[in-house]
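Okay, here's what each chain looks like letter by letter:
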Amino acid sequence: MASSTWRNATTEIHSGYAPSAPHRPMTVPIYNSAAYQFPDYATAAKLFALREPGYTYSRTGNPTVAVLEERAAALEGGIGAIATATGQSAVAISLLALLQGPGHLVASNKLYGGTVDLLTDTFADFGVSVSFVDPADPAAWAAAITEKTRGFLLESVSNPLITLVDLRAITEVAHAAGVPVVVDNTLATPAAYRPIDFGADVVVHSATKALAGHGSVLGGLVIDAGTFDFSDAARWPQIAAPRARYYGDSLLDRYGSKAYLMLLRSKFLHDLGPTLPAASAAAILTGIETLSLRVAKAQGNVLALTRALAAHPAVATVHHPSEHTHPDHALAARDFPRGTGCVFSFDLKDPAAVPGLVDSLRLFALAANIGDTRSLVVHPAAMTHCRLNASQLATAGIKAGTLRISAGLEDAADLVADLLGALDPLGAASTTPAATPRETINA
Ligand SMILES: Cc1ncc(COP(=O)(O)O)c(C=O)c1O
């Protein structure tokens, strides 16, 4: 069940599923089955040859997972989606499907640390080269393109400093050079921002975060806008050229605008196996039912917390676009009227106060996650981004005193009281300048 006229709050609850006979369960059933019985030999042969849609084995498709895929695609305005075991695998296979051998990518220099590991270590091992550029500078993206470039990768809202991108400007640069743009929309979620509306070709998510919203499950999603032109067979042989794997057909001839999604499912899910379990898909679907409500509530809590922090003498900087000093204050007002999600960061004037502050918080759990109902805190330089070297940390704007908050759904006054209770003993005592952290942290 789906309608293109539904607004997001309706799509979150109804898209992809309607109760059906004989039991008419209100919630999506969990099809806990590895395999599917074929009615006869001929049907089995057609399904295995990918000549007919249908389920063969849950590594490449499952009816519960399919509801999540349809709902995520509807929320993001795509033509379809592939669910994966984690956000990390969603990012990895979305890019692998664009790279035929040791190609080149252009990526934002403000990415989640795990994505940086993937690009600079694992992809490098397989000969993929990546140029990192400032997401705020479209000319830098244009200058980094080479003959081998097969994709741009960026985050709509960066983690942890909440920098934003003028996505329209970057997608124009990419499309002029025949390059697709992959946008990680994990922090914003489609309840706040839809990258496809700004020209993105592919959207990826860690569904572990605000999409699920309860911190109890891992999952990822790749959503295809279905609009990128993959028809140049010299450039995109994996999609536009005949392949032995598809009995001499090209995916483009067989599946048209769904060719990229079929490549993800029939090759990368099939060969690498980063499959989302049905029970996890059901848990994510339950979370998505309340996505808009939660994003709005978390945004209110973020604003209460950032206002309180900005006025505190122990705080050097609050990194959130609602702050007039944030570089993307105007862009946020233009492109993110529903906010940027539940994450923000702030810098303590005295980096040495970080451990004491973190240990004295009672409501903010020290946990490496975001988008939970519970409020969370991390120290990026020592935790989520600990493998970045000093210059990567400096480029990402992460200092020794930077703390990242994921605002949960608790009462705003309680959260503010907890944070100020931990900050007040620090007063304005320290005037230590905020430094690039690596050396400080390792010292
Ligand atoms: C922006 C972003 N993308 C991708 C990931 C990876 O997702 P997962 O932890 O579900 O593998 C994360 C995880 O923190 C993230 O913050």
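Sequence order sets the numbering: in each chain, residues are counted from 1 along the sequence as written. Only residues with pLDDT of at least 70 are given local features in this predicted model, and only at 80 or more are side-chain atom pairs given and counted; all residues enter the totals for whole chains, interfaces and linings. With hydrogens and water stripped out, all remaining heavy atoms of the structure feed into the side-chain values.

Under an unreviewed UniProt entry, the protein has the name O-acetylhomoserine (Thiol)-lyase and belongs to Paeniglutamicibacter sulfureus. Under the UniProt heading Sequence similarities (unreviewed entry), the entry covering the protein gives this text: "Belongs to the trans-sulfuration enzymes family." Looking at the Cofactor (unreviewed entry) heading of the UniProt record, one finds this comment for the protein: "pyridoxal 5'-phosphate". UniProt positions are given in the numbering used here, feature names are shortened, and annotations may be inferred rather than shown by experiment.

Engineer: Is there a simple way to think about the packing of aromatic side chains in this case?
Structural biologist: A ring pair, where both rings are aromatic, is described by two values, the distance of the centres and the angle of the planes. In this analysis, rings of Phe, Tyr and Trp, with Trp reduced to its six-membered ring, are considered paired at centre separations within 6.5 Å, and the interplanar angle assigns stacked below 30 degrees, edge-to-face beyond 60, and tilted for intermediate values. A full pass over the atoms with the stated rule returns nine aromatic pairs. Geometrically, the ring pair formed by Phe228 and Phe230 is edge-to-face, given 4.8 Å between the ring centres and 65° between the ring planes. Across this residue pair, the class does not change: Phe228 and Phe230 are buried. Between the aromatic rings of Phe230 and Tyr260, the centroid separation amounts to 5.9 Å while the plane-to-plane angle is 5°, which identifies the pairing as stacked. Placement of Phe230 in the loop between strand 7 (220–224) and helix 8 (237–240) and of Tyr260 in helix 10 (residues 259–272) is noted, with a sequence separation of 30 residues between them. Overall, the relative accessible area of 7% leaves Phe230 in the buried class. By the ring-pair criterion, three or more aromatic residues cluster together here, those being Phe228, Phe230, Trp236 and Tyr260. Relative accessibility decides the category of a residue: with a 1.4 Å probe and only protein chains considered, values under 20% of the type maximum give buried, values over 50% give exposed, and everything between is partly exposed. Helix and strand definitions here come from DSSP, where helices need a minimum of 4 consecutive H or I residues and strands a minimum of 2 consecutive E residues; each element is numbered from the N-terminal end.

Engineer: Whenever I open this one, the site of the ligand confuses me. Can you help?
Structural biologist: Close contacts around the ligand come from Thr86, Gly87, Gln88, Tyr112, Glu155, Asn159, Asp184, Thr186, Ser206, Thr208, Lys209 and Gly219, and that covers them all. Pairs of N or O atoms are called polar contacts if they sit within 3.5 Å, as long as, within protein, a hydrogen donor faces a hydrogen acceptor (for residues adjacent in sequence, only side-chain-to-side-chain pairs). Between a nitrogen atom of the ligand and a side-chain N or O atom of Asp184, the distance comes to 2.7 Å. Alone, the ligand offers 390 Å² of accessible surface; in the complex the protein occludes 91% of this. Here a residue counts as near a molecule or strand whenever at least one of its heavy atoms sits within 4 Å of it. Each accessible area value is a Shrake-Rupley result obtained with a 1.4 Å probe; residue values ignore everything except the protein chains displayed when judging cover.

Engineer: What exactly am I supposed to notice about the domain arrangement of the protein here?
Structural biologist: Where interface size is quoted, it is often the accessible area lost as the parts come together. What the domain assignment reports for the protein is domain 1 (9–288) and domain 2 (292–442). As used throughout, domain bounds are those supplied by an automatic or database domain assignment. The centre of domain 1, based on its C-alpha atoms, is set 30 Å off from the matching centre of domain 2. Defined in terms of a 1.4 Å probe, buried area is the accessible area two parts forfeit on being brought together, summed over both. Where domain 1 abuts domain 2, roughly 3000 Å² becomes buried across the two surfaces, and 56% of that area is made up of carbon and sulfur atoms. We define a salt bridge as a side-chain nitrogen of Lys or Arg found within 4 Å of a carboxyl oxygen belonging to Asp or Glu. Where domain 1 touches domain 2, the interface holds one salt bridge. Asp166 is paired through a salt bridge with Arg334; the nearest N and O atoms lie 3.1 Å apart. Of all the elements in the fold, those that place two or more residues in the side of domain 1 that touches domain 2 are helix 1 (8–14), helix 5 (113–125) and helix 11 (278–288). Among the elements that make up the side of domain 1 that touches domain 2, the one with the highest residue count is helix 5 (four residues). For the side of domain 1 that touches domain 2, the per-class residue count stands at 21 nonpolar, 12 polar and five charged. Asp, Glu, Lys and Arg are counted as charged, while Ala, Val, Leu, Ile, Met, Phe, Trp, Tyr, Cys and Pro are counted as nonpolar; the rest, among them Gly, fall into the polar class.

Engineer: I'm lost on unusual backbone geometry in this one. Help?
Structural biologist: Residues other than glycine predominantly adopt negative phi, and peptide bonds predominantly adopt the trans conformation. With an omega of 5°, the peptide bond between Ala21 and Pro22 qualifies as cis. Here the amide bond leading from Asn159 into Pro160 is cis, since omega sits at 15°, within 30 degrees of zero. Looking at where Pro160 falls in the secondary structure, it is placed in the loop between strand 4 (149–155) and helix 7 (167–176). Unlike most non-glycine residues, Leu50 shows phi in positive territory, near 60°. Inspection of the secondary structure puts Leu50 in the loop between helix 2 (41–48) and helix 3 (63–76).

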